[in-house]
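Structural overview for review
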Amino acid sequence: MTENLKKNIQRRIDSLTEMLPQAMSIERFACERNLNRLWKAARRPVHKAGAATELDRIEKRLYLSIERKKTRKETPPLVSFPENLPINERKEEIIAAIRNHQVLIVSGETGCGKSTQLPKMCVEAGRGIDGKIGCTQPRRIAAIAISARIAEELGEPPGVSVGYRIRFTDRTSPGGCIKVMTDGILLAEAQRDPFLSEYDTLIIDEAHERSLNIDFLLGILRGLTIRRPDLKVIITSATMDTAKFADAFNGAPVIHIEGRMFPVEVLYRPPDRDAPGKAENTFVDDAVEAVSELLVKTRRGDLLLFMPTEADILEACERIEGIKNPSTVVLPLFSRLSSAEQRKVFATGPGRRVIVATNVAETSLTIPGIAYVVDTGLARIPRYVPRTRTTIMPVVPISRSSADQRKGRCGRVQGGVCIRLYSEEDYESRPRFTPAEIQRANLAEVILRMLSLKLGDVEKFLFIDPPARRSISDGLDLLAELGAVSTSSSRIVLTGQGKTMARMPLDPMISRMILEASKEGCSREIAVIASALSVQDPRERPVGKTVEADRRHRAFKHPESDFLTFQNIWEACKRVAEQKGKKHLRAFCRENHLSYIRIREWFDIHAQISAIIEEQRLSGGPEPAGPKERYAAVHRSILSGHLSNIAQKKDRNLYRSSRGREVMIFPGPPLFNRGPKWIAAAEIVKTTRLFARTNARIEPSWLEALGGNLCTRSYLNPHWEKNRGEVRA
């Protein structure tokens, strides 16, 4: 390249660099990277046409971006603010704080309107022009409901100025201003685009939940706000430790929103076990009794009862059905319910409703018409025990912040009453907040993702509450067991296998299965099983139809493997979809008590996993010869990711597992009461006791080949063999 050509290219690069601030953020970051690359290349001999052509493309992209930004600035959405929401009384103060500070903490009581009003206040503050205003929610149903509500208040249909994106569903438009999404979606986008250049503002809602996704996002944003001074961040919740969050973001200002629309009276009603006939009462008895009294003493307003588990909900629903009057409707609400059944709680009618829910109803979802809350004060909160590599799911007392969230579910449309089935002293003695999930979860996937993103040492990452060193050590041990990391050098690095696993948006144990399946020649079967383990069980057991559901599900069961039961369900659904179409598949799912939504999600994840297998060229092994060989190949692949979950039969349904654990086969599956000598489980969880769930028969001879380096060897009866001239055992 001649000196004149070099100077010409460098002049064009300088000129385009000056245009960058006028473009939208997503083009600004992308074009800046390309211009820097071309600047370096201009110092070396390159083909002038190639550089000139690329500069032409960059110039065109920048001009289009500048025009889009100009249009967005001239035609922002027309926002209005309902006067009856408490947050709007401080609208001007919040808008000024958004303009004047990079990070803002907003703590507002449930019902103040923060989830729907803050995105509009960002628009009023001039945000949403350089990029979109992104709002995260912990759950899909909340993301959909909130985006619909904001669109309604703007007088637009969903998907124009306001849209939502959840797993496998994108209802946003390129010209949109506000994007509501699950926190998992934003985390996945951070993996592809570390600068999150699509956004000029991010609102992290329900931050008090402190899920892994939320804590990971907050850690990323603590670093990103330094590298992107143009990015505004708002962290909001009904209840959270505002001082801790403010300190984490260099003394960010905090705005507290007081009051809800109507007052809520709190009544404490601890159980009296000394009263006649009450000695053996359970919290279910106490809850049903409280609901019964409310139904008798009051005539208007819906009731919301919080219970810790699905089984407790079903029992309570059945008992309330027996005491209610005919015009009252009893509705369960928990995450395993189908979408259609979940939507029933949002539909109001002429009669009263009693909604019995888990803590899924604590979030920003507004269930209309709730006047009374009955709170058992209990929840099932999973916790991972690194020593035994066991997920325990105990029912434990909730924190004060969760209790306050539950109280806030009433008082939205009239004065509310919250009955707490525990004493005020008990409430005051509870911890203020629920421990962050990162302090009670298996960190293997988090560490794998951090290593892939090159975010550095997990102990030095900017978590709000750093995880325990023991949990980090266990996560690294599990990754080493799976062959994902190498610790032979002075630092921890991803192996080639680990890099492939990190590219899969799956639990590392499942991605390890996929890699092994490529060697065993059973990638097709493992793609089905891996995708099944990545979604909620599609089998449903509706209230009042459990016997019929169990009968239908028996048709799919495999006698030796719960994993192959999933394969049977898949084959049946796929056959109906291919031969008769989606309409008939929906009917087939309804008839066989399968969730059509989860089957569709299973199909979608399977398509993703199949694409990964194809992209990584992981389907080249020779296929097994016959049914026995295929069973062995499939289960060796499953075993490769679940070596910690093997177990040897001890007595009927009791098994001795790794790390000194005694587990029981979960009741119901075909292996219960007739289990084989050795099994492998997808998970080992503790509820009333330690259970192995989703099990299959395995052969002990498979273990050494897959986990020989993890085996402890012992030699029995050592002796000298004179003829062989060696020690034998």
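Below or above, wherever it landed, is the structure these notes cover. (Residues numbered from 1 in each chain as written. Predicted model: local features only at pLDDT ≥ 70, side-chain atom pairs only at ≥ 80, totals over all residues. Heavy atoms only, no water.)

With that out of the way, let us pick up the sheet that holds strand 12 (residues 353–357). Each strand in a sheet pairs with its neighbour through backbone hydrogen bonds, running either in the same direction (parallel) or in the opposite one (antiparallel). Reading across the sheet, the six strands line up as 9-18-13-10-12-11 and stay open at both edges, with parallel pairing between neighbours. Single-partner strands in this sheet number two, and they are strand 9 (264–268) and strand 11 (329–333). Averaged over neighbouring strand pairs, the angle between their axes works out to 15° when direction is ignored. Of the pairings in the sheet, the one linking strand 10 (residues 302–306) to strand 13 (residues 370–375) comprises five bridges and is parallel in character. Within strand 13, the residue paired with L304 across the bridge is V373. Contacts between helix 10 (residues 283–297) and the sheet are confined to strand 10, strand 12, strand 13 and strand 18 (416–420), with strand 10 contributing the most and set at about 170° to the helix. In the packing of helix 13 (residues 400–407) onto the sheet, contacts are made with strand 9, strand 10, strand 13 and strand 18, and the angle to strand 18 comes to roughly 140°. (Pairing = 2+ DSSP bridges. Helix = DSSP H or I, 4+ residues; strand = E, 2+ residues; numbered from the N terminus. Axes fitted to C-alpha atoms, helices over the stretch in contact; angles between N-to-C directions. Contact = heavy atoms within 4.5 Å.)

A separate point is the nonpolar core. Counting 102 residues, the largest nonpolar core has L221, F249, I514, I526, W602 and L639 as its most contacted members. In terms of nonpolar packing, the next biggest core, distinct from the first, is built from 32 residues, A97, V123, C135 and I166 among them. (Core = buried A, V, L, I, M, F, W, Y, C linked by side-chain atoms within 4.5 Å. Buried < 20%, exposed > 50% of the residue type's maximum accessible area, 1.4 Å probe, protein only.)

Quick look at the side chain of N653 now. Following the sequence through the fold, N653 ends up in the loop between strand 21 (646–651) and strand 22 (654–657). Ignoring any residue separated from it by four or fewer positions in sequence, one finds N653 in contact with V663, M664, I665, L671, F672, N673 and R674.

Summarising the element assignment, R659 is placed in the loop between strand 22 and strand 23 (662–665). You can call R659 partly exposed: its relative accessible area is 37%. Along the chain, R659 and L62 lie 597 residues apart, while their C-alpha atoms are 59 Å from each other.

With that out of the way, let us pick up the sheet that holds strand 4 (residues 169–171). Pairing is mixed across the open sheet formed by eight strands, whose spatial order is 4-3-5-2-6-7-1-8. Sheet topology places strand 4 and strand 8 (254–257) at the edges, where each strand pairs with a single neighbour. For this sheet, the mean angle separating the axes of adjacent strands, direction not counted, is 20°. Pairing of strand 3 (residues 162–166) with strand 4, which is carried by three bridges, proceeds in the antiparallel orientation. The residue of strand 4 that forms the bridge with R165 is D170.

A cluster of basic residues, R171, K582, R586, R590 and R600, forms a positive patch at the surface. Here the positive patch gets three residues from one element, more than from any other, and that element is helix 22 (residues 582–591). Position of R600 relative to the elements: it lies in helix 23 (residues 596–615). Given the relative accessible area of 41%, R600 is considered partly exposed. (Patch = residues over 30% accessible without salt bridge, like charges linked within 9 Å, V, L, I, M, F, W, Y side chains within 5 Å. Areas by Shrake-Rupley, 256 points an atom, 1.4 Å probe, with all protein chains shown as cover. Salt bridge = Lys/Arg side-chain N within 4 Å of Asp/Glu carboxyl O. Lys, Arg positive; Asp, Glu negative; His and termini not counted. Charge placed at Lys NZ, Arg CZ, Asp CG, Glu CD.)

To continue, consider the environment of K499. Among the secondary structure elements, K499 is positioned in helix 17 (residues 496–502). Placed 436 residues apart in sequence, K499 and Y63 show a C-alpha to C-alpha distance of 38 Å.

This part is about the packing of helix 10 against helix 11 (residues 310–321). At a minimum axis distance of 10 Å, the contact between helix 10 and helix 11 shows a crossing angle of 40°. Here helix 10 lies oblique to helix 11, going by the angle between them. Considering the relative orientation of helix 10 and helix 11, their crossing is right-handed. The segment helix 10 lies against helix 11, with F283, V284, D285, V288, V291 and L295 engaging D312, E315, A316, R319 and I320. (Parallel < 35°, antiparallel > 145°, perpendicular 65-115°, else oblique. Left-handed = near helix turned anticlockwise from the far one by under 90°.)

The next subject is the environment of N34. Mapped onto the elements of the fold, N34 is located in helix 2 (residues 25–41). Among the residues examined, N34 registers a relative accessible area of 22% and is labelled partly exposed. Residues N34 and I13 lie 21 residues apart in sequence; the distance between their C-alpha atoms is 9.9 Å. The residues touching N34, leaving out its near neighbours within four places in the chain, are E54 and I58.

This brings us to unusual backbone geometry. Here the phi dihedral of N250 falls at roughly 55°; this positive angle occurs in a residue that is not glycine. Position of N250 relative to the elements: it lies in the loop between helix 9 (242–248) and strand 8. Although it is not a glycine, H593 sits at a positive phi angle of roughly 55°. Relative to the helices and strands, H593 is located in the loop between helix 22 and helix 23. Here H593 falls in the buried class, since its relative accessible area comes to 9%.

Following the criterion strictly, the structure yields 48 salt bridges and no others. The salt bridge partner of R539 is D537, with a shortest N-O separation of 2.9 Å. Given the relative accessible area of 24%, D537 is considered partly exposed. Here R697 ties to E699 by a salt bridge, and the two come within 2.7 Å at their closest N and O atoms. Here the salt bridges share partners, and the residues they tie into one network are R28, K69, D130, R228 and D230.

The next point concerns helix 13. Summarising burial for helix 13: six of the eight residues are buried, a large majority. Residues of helix 13 that are buried include every one of S401, S402, A403, Q405, R406 and K407, and no others. Buried residues belonging to helix 13 abut strand 9, strand 10, strand 13, strand 14 (378–380), strand 18 and helix 14 (424–429).

Our focus in this paragraph is helix 7 (residues 183–192). Within an α-helix, residues lying three or four positions from one another point in the same direction, as the helix has 3.6 residues per turn. Three or more residues of helix 7 are buried, namely D183, I185, L186, L187, E189 and A190. Here the buried face of helix 7 lies against strand 2 (132–137), strand 3, strand 5 (178–182), strand 6 (199–204), helix 8 (212–227) and helix 15 (444–453).

This paragraph deals with the pairing of strand 18. Counting buried positions over the five residues of strand 18 gives five, a clear majority of the element. In strand 18, alternate side chains face the same way, and those of G416, C418 and R420 on one face and V417 and I419 on the other are all buried. Relative to strand 18, strand 9 runs parallel, the two being bridged by five bridges. Counted as the bridge partner of L267 is I419 from strand 18.

Let's shift gears to the packing of aromatic side chains. All told, the structure shown has nine aromatic pairs when counted by the stated rule. Between Y268 and Y427, the aromatic rings sit 6.4 Å apart at their centres with planes inclined by 50°, giving tilted as the arrangement. With Y268 in strand 9 and Y427 in helix 14, the pair connects residues that are 159 residues apart, well separated along the chain. You can call Y427 buried: its relative accessible area is 10%. Pairing F566 with W602 gives two aromatic rings, centres 6.2 Å apart and planes at 85°, and the pair type is edge-to-face. Of the two residues, F566 is situated in helix 21 (residues 562–580) and W602 in helix 23; the sequence distance between them amounts to 36 residues. Owing to a relative accessible area of 1%, W602 belongs among the buried residues under this scheme. Through pairs of rings, three or more aromatic residues link up here, namely F566, W570, W602 and F603. In this structure, R227 is placed above the aromatic ring of F195, and the distance from its NZ or CZ to the ring centre is 5.2 Å. Sitting above the plane of the F666 ring, R693 keeps its charged end 5.3 Å from the centroid. (Phe/Tyr/Trp six-rings, centres within 6.5 Å; stacked < 30°, edge-to-face > 60°. Lys NZ or Arg CZ within 6 Å of the ring centre and 35° of its normal.)

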